[in-house]
Amino acid sequence: HCFIPTDKLAAATAQFIGVAPEDAAEGVASLAANGIVVRTTLAGRDVCYLARLYEAETRVAERLIKMASERVPEADTSALLAGLERSRGMEYAPRQREAVALAANSRVMALTGGPGTGKTTSLRAILAVYDALGISALLTAPTGRAAKRMGSVTGREASTIHRLLGAAYSPDGEDVVFAKDSDDRLDCGAVVLDECSMVDITLMDALLEAMPD
């Protein structure tokens, strides 16, 4: 997560810099008043975020909720999967068939499972169904190793999120900026993101901002 309980922040600050706890608490209140931190209530606790992380986390949550609530035209994937099974001489498991149907008929879905549970086979089927439906997909991952692995198992080009978004340093060298954003979105019908749990909140925010509606 991206926050810290306010009482813990004040206590740790007081200990680190050798001031009275009440002075540290006053300092936190001043930071919140000046907008440097965002102070809010979460799960019944008074918590603090750095402002940029609060904004990124809020945007990510709002976008994912919006995507998850939107319906898409229903696509019948059963016939497409039957054709894949015939051409590949295999049979998909019920959960794999469900994953393909979800990917075709949802704005957002998560594919999870431990090693050997068939995620790669499911992904190949999803991409084949996307091809049949005319949905262009971009493959990306947070690290070069993960992108290379995804490319090798799918036989398709995959890139890091930074490369996909055209990352560069700002003129002052202090921040990373992206060529792809809400003013110049990615040209695709779907994005496949591997190793999603490794993506930090600001990078996820940038990726979602650059994705088409």
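Our subject is the structure listed above.
Residues numbered from 1 in each chain as written. Predicted model: local features only at pLDDT ≥ 70, side-chain atom pairs only at ≥ 80, totals over all residues. Heavy atoms only, no water.

By size, the foremost hydrophobic cluster in this structure holds 22 residues, and its most contacted members are Leu81, Leu84 and Met150. The set of elements that each furnish at least two residues to this core consists of helix 4 (77–88), helix 5 (94–105), helix 6 (119–133), strand 4 (137–141), helix 7 (144–154) and strand 8 (190–193). The element that contributes the greatest number of residues to this core is helix 6, accounting for seven residues. What Met150 contacts, discounting residues up to four positions off in sequence, is Leu123, Leu139, Thr140, Ala141, Ala158, Val192 and Asp194. One finds Val60, Leu164, Ala206 and Met211 within the second-largest nonpolar core, a separate group that totals 18 residues. (Core = buried A, V, L, I, M, F, W, Y, C linked by side-chain atoms within 4.5 Å. Buried < 20%, exposed > 50% of the residue type's maximum accessible area, 1.4 Å probe, protein only. Helix = DSSP H or I, 4+ residues; strand = E, 2+ residues; numbered from the N terminus. Contact = heavy atoms within 4.5 Å.)

What follows covers the packing of helix 4 against helix 6. For the pair helix 4 and helix 6, the least separation of the axes is 10 Å and the interaxial angle reads 115 degrees. The two elements helix 4 and helix 6 cross, and the hand of that crossing is right-handed. Of the residues in helix 6, those touching helix 4 at Thr77, Leu80, Leu81, Leu84 and Arg88 are Arg124, Ala125, Ala128, Val129, Ala132 and Leu133. Along the lines of polarity and charge, the residues of the contact of helix 4 with helix 6 split into eight nonpolar, one polar and two charged. (Axes fitted to C-alpha atoms, helices over the stretch in contact; angles between N-to-C directions. Left-handed = near helix turned anticlockwise from the far one by under 90°. Nonpolar A, V, L, I, M, F, W, Y, C, P; charged D, E, K, R; others polar.)

Looking now at the state of the cysteines. Using the criterion set out here, one finds zero disulfides in the structure. For Cys188, which is in no disulfide, the shortest distance to another cysteine sulfur is to Cys196 and amounts to 15 Å. Residue class for Cys188 comes out buried when judged on its relative accessible area of 13%. Here Cys196 is not disulfide-linked; the sulfur of Cys2 is the nearest cysteine sulfur, at 13 Å. For Cys196, a relative accessible area of 41% puts it in the partly exposed group. (Disulfide = S-S within 2.5 Å.)

Time to look at the sheet that holds strand 4. The strands that make up a sheet are held in pairs by hydrogen bonds between backbone atoms, and each pair lies either parallel or antiparallel. The strand order across the open sheet built from three strands is 5-4-8, with neighbouring strands paired in parallel fashion. Strand pairing shows two members of the sheet lacking a second neighbour, strand 5 (158–160) and strand 8, which therefore form its edges. Averaged over all adjacent pairs, the angle separating strand axes in this sheet is 35 degrees, with direction ignored. By the bridge criterion, three bridges tie strand 4 to strand 5 in an arrangement that is parallel. Bridging across to strand 5, Leu139 finds its partner in Ala158. (Pairing = 2+ DSSP bridges.)

All right, on to the sheet that holds strand 3 (residues 45–50) then. Within the open sheet, the three strands sit side by side as 1-3-2. Their pairing is antiparallel. Lying at the two open borders of the sheet, with one neighbouring strand each, are strand 1 (3–5) and strand 2 (37–42). With direction set aside, neighbouring strand axes in the sheet form an average angle of 35 degrees. The sheet contact formed by strand 1 and strand 3 spans three bridges and is antiparallel. Looking across to strand 3, one finds that Ile4 is bridged to Cys48.

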